[in-house]
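Fold and geometry: a report
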Amino acid sequence: MTKAILQLGALTCPSCMQKIQGALEKQAGVDKVKVLFNASKVKIDFDETVNTADALAEVVKKLGYEVQSVKVKQPAK
């Protein structure tokens, strides 16, 4: 699994966190999503043959949240 970390603008409420997590969990190839409310980060484990970190960031943007940066960690081979 490839790992992505999305740095977001400030999250203002727990329902924001649930909205983001729910939308990302529905995306193809996504295995695990963890939203870190206090850090305004989203950690995503996904299959890079099915989806991309940029496409997942776009899902968050379409919900109305700011994505400040996207970091991708490739799985060790």
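Residues numbered from 1 in each chain as written. Predicted model: local features only at pLDDT ≥ 70, side-chain atom pairs only at ≥ 80, totals over all residues. Heavy atoms only, no water.

Within the fold, M1 resides in the segment before β1 (2–8). A C-alpha to C-alpha distance of 6.0 Å links M1 and P75, two positions 74 residues apart in sequence. (Helix = DSSP H or I, 4+ residues; strand = E, 2+ residues; numbered from the N terminus.)

What follows concerns helix α2 (residues 53–62). Of the positions making up α2, those classed as buried are A53, L56, A57, V59 and V60. Along the axis of α2, the buried positions cluster into a sector of 150 degrees, meaning they face one direction only. The exposed residues of α2 that point more than 90 degrees off its buried face are D54 and K62. Tucked inside the fold, the buried residues of α2 contact β1, α1 (14–25), β2 (30–36), β3 (41–46) and β4 (67–73). Immediately beyond the C-terminal end of α2, within one or two residues, lies G64, with a positive phi of roughly 100 degrees. (Buried < 20%, exposed > 50% of the residue type's maximum accessible area, 1.4 Å probe, protein only. Arc of directions from axis to C-beta. Contact = heavy atoms within 4.5 Å.)

Right, let's get into the confidence of the model for the protein. Per-residue pLDDT for the protein has a mean of 94; in total, 99% of the residues score no lower than 70. The least confident element of the protein, judged by mean pLDDT, is α1 at 94; the most confident is α2 at 98. (pLDDT = per-residue confidence, 0-100.)

With that settled, consider the nonpolar core. Core analysis: the largest hydrophobic core is formed by 21 residues, its most contacted members being L6, L8, I20, L24, V42, I44 and V60. Elements with a contribution of two residues or more to this core: β1, α1, β2, β3 and α2. For this core, the element with the most residues is α2, which contributes 5 residues. Those residues within four positions of I44 in sequence are excluded, and the remaining contacts are T2, K3, A4, L6, L24, V30, K32, V33 and L56. (Core = buried A, V, L, I, M, F, W, Y, C linked by side-chain atoms within 4.5 Å.)

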